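Structural overview for review
Given next are the chains, with one letter for each unit.
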Amino acid sequence: MEDQLTADIAKLKARVEGIKLPDDLREKVDLMLARLERQAKYGGYSLEYEQVSHYIDWVASLPWDIVTKDILDLGHARQILDSHHFGLDDVKQRFLEYLSVLTLNEQINPNYHAPILLLVGLVGTGKTTLARSLADSIGRKFVRIPFGGMSSALDLRGLSRTHPEAEPGQIIKALKRAGSKNPVILLDEIDRIAPSAHGEIMGVLVELLDPEQNAGFTDHYLDYPVDLSQVLFVTTGNNTTNISTAVMDRLEPILMPSYTDEEKIKIAKDYVFPAEVKNSGLPDGALAIDEAVWPKIVRPLGFDAGIRTLERTIQGMTRKVAMQIVEGKTKKVYITDENVKAFLPSY
């Protein structure tokens, strides 16, 4: 048993030797390993080995010195935004202005901290996808942390290693998933946290979103300050009512407008419909829709600010066509005013 523990400790030491860690964190890990070696020397397989092994796995998996290079090119950014989103001209303009400031500060003020954006709008208006497009446009990794229903600040800060089920919080997990020190981290729906944890979570957000504080963010599990100053945080919310004043003071709100019927028709024809036809596996030309039908497709139940209902409607139509093709009833479907009701979902 002692030989096995000694061999296991040797594997842990080999794991951290190839990782570039901050000096004081490496010293902390070395002390943990030295303690395990003393325990192995005097006999017995230690439960502490499992705890130290889990800790080292996390420490070794974090991007302590990995940084992606920004693509600070307005033309590239405009192309990404236009290819992913129709309309939203004012919002895109704000993004390009934002990117322009980052570009000018890259050389003359490398310590510049960009304002943290808050995308505010109704459900389905494109807040999450726009944040992802921002990451794509500057070539950064993208990670989303959902706040809807979050009921404890420990979800962000992690659990102390004194707990049997201890693990890092969502911030550290996001860094691991991103694999870089400077990803775009989307804090999604920060207005929808559980009321019982509102004060605590808003307090963590104040620290996270403050460049003077987040350079040393401490997760309870790691028990070591992690530099988040290079992370580009983006937040979203349906409204600002449930966001504390202290947090709002650190945010730059951008209003996400509702889509008009004309914009929805354009989005449906050029973006949603081709994607859903492909996702459903329909052969080329198997489904065509008459121009006169699109107003009924984009407004099956009345006004809707976003495009989620539109996406579900078109998904339902492609599924019905797919079923007819598989059953051998037809090879092509042309939807017109006369037959559209048979393909629209029943709500």
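In short, a report on the structure.

Rules used in this analysis
Residues numbered from 1 in each chain as written. Predicted model: local features only at pLDDT ≥ 70, side-chain atom pairs only at ≥ 80, totals over all residues. Heavy atoms only, no water. Core = buried A, V, L, I, M, F, W, Y, C linked by side-chain atoms within 4.5 Å. Buried < 20%, exposed > 50% of the residue type's maximum accessible area, 1.4 Å probe, protein only. Contact = heavy atoms within 4.5 Å. Helix = DSSP H or I, 4+ residues; strand = E, 2+ residues; numbered from the N terminus. Polar contact = N/O pair within 3.5 Å; in protein donor to acceptor, adjacent residues only side chain to side chain. Phe/Tyr/Trp six-rings, centres within 6.5 Å; stacked < 30°, edge-to-face > 60°. Lys NZ or Arg CZ within 6 Å of the ring centre and 35° of its normal.

Phe-147, Leu-187, Leu-205, Leu-208, Leu-209, Leu-228 and Phe-233 are the most contacted members of the largest nonpolar core, which has 58 residues in total. The contacts of Leu-228, once residues within four sequence positions are left out, are Ile-171, Leu-175, Leu-208, Asn-214, Ala-215, Phe-217 and Phe-233. Formed by 49 residues, the second largest nonpolar core is a distinct cluster that contains Ile-254, Met-256, Val-333 and Ile-335.

What follows covers unusual backbone geometry. The phi dihedral of Glu-189 is positive, around 60°, even though this residue is not glycine. Inspection of the secondary structure assignment puts Glu-189 in the loop between strand 3 (184–188) and helix 9 (198–208). On the basis of relative accessibility, which here comes to 19%, the residue Glu-189 falls in the buried class. Residues other than glycine seldom take positive phi values, yet Asp-223 does so here, at roughly 55°. On the secondary structure map, Asp-223 appears in the loop between strand 4 (217–219) and strand 5 (224–226). Relative accessible area serves as the criterion here: at 48%, Asp-223 is assigned to the partly exposed category.

With that out of the way, let us pick up the environment of Ser-61. Here Ser-61 shows up in helix 3 (residues 47–61). Those residues in contact with Ser-61, other than ones at most four positions away along the chain, are Arg-15 and Lys-176. Separated by 2.9 Å, the side chain of Ser-61 and the backbone oxygen of Trp-58 make a polar contact.

Once that is clear, we can look at the packing of aromatic side chains. Applying the stated criterion to the full structure yields 3 aromatic pairs. Relative to Tyr-221, the ring of Tyr-55 has its centre 5.8 Å away and its plane inclined at 45°; by these criteria the two rings are tilted. Taken together, the positions of Tyr-55 in helix 3 and Tyr-221 in the loop between strand 4 and strand 5 put the pair 166 residues apart, joining distant regions of the chain. For Tyr-221, a relative accessible area of 2% gives the class buried. Residues Phe-273 and Trp-294 carry aromatic rings whose centres are separated by 5.8 Å and whose planes lie at 80° to one another, so their mutual orientation is edge-to-face. Of this pair, Phe-273 sits in helix 11 (residues 261–280) while Trp-294 sits in helix 12 (residues 294–298), placing them 21 residues apart in sequence. Neither residue differs from the other here; Phe-273 and Trp-294 are each classed as buried. When the ring centre of Trp-58 is taken as origin, the NZ or CZ atom of Lys-176, which lies over that ring, is 4.3 Å away.

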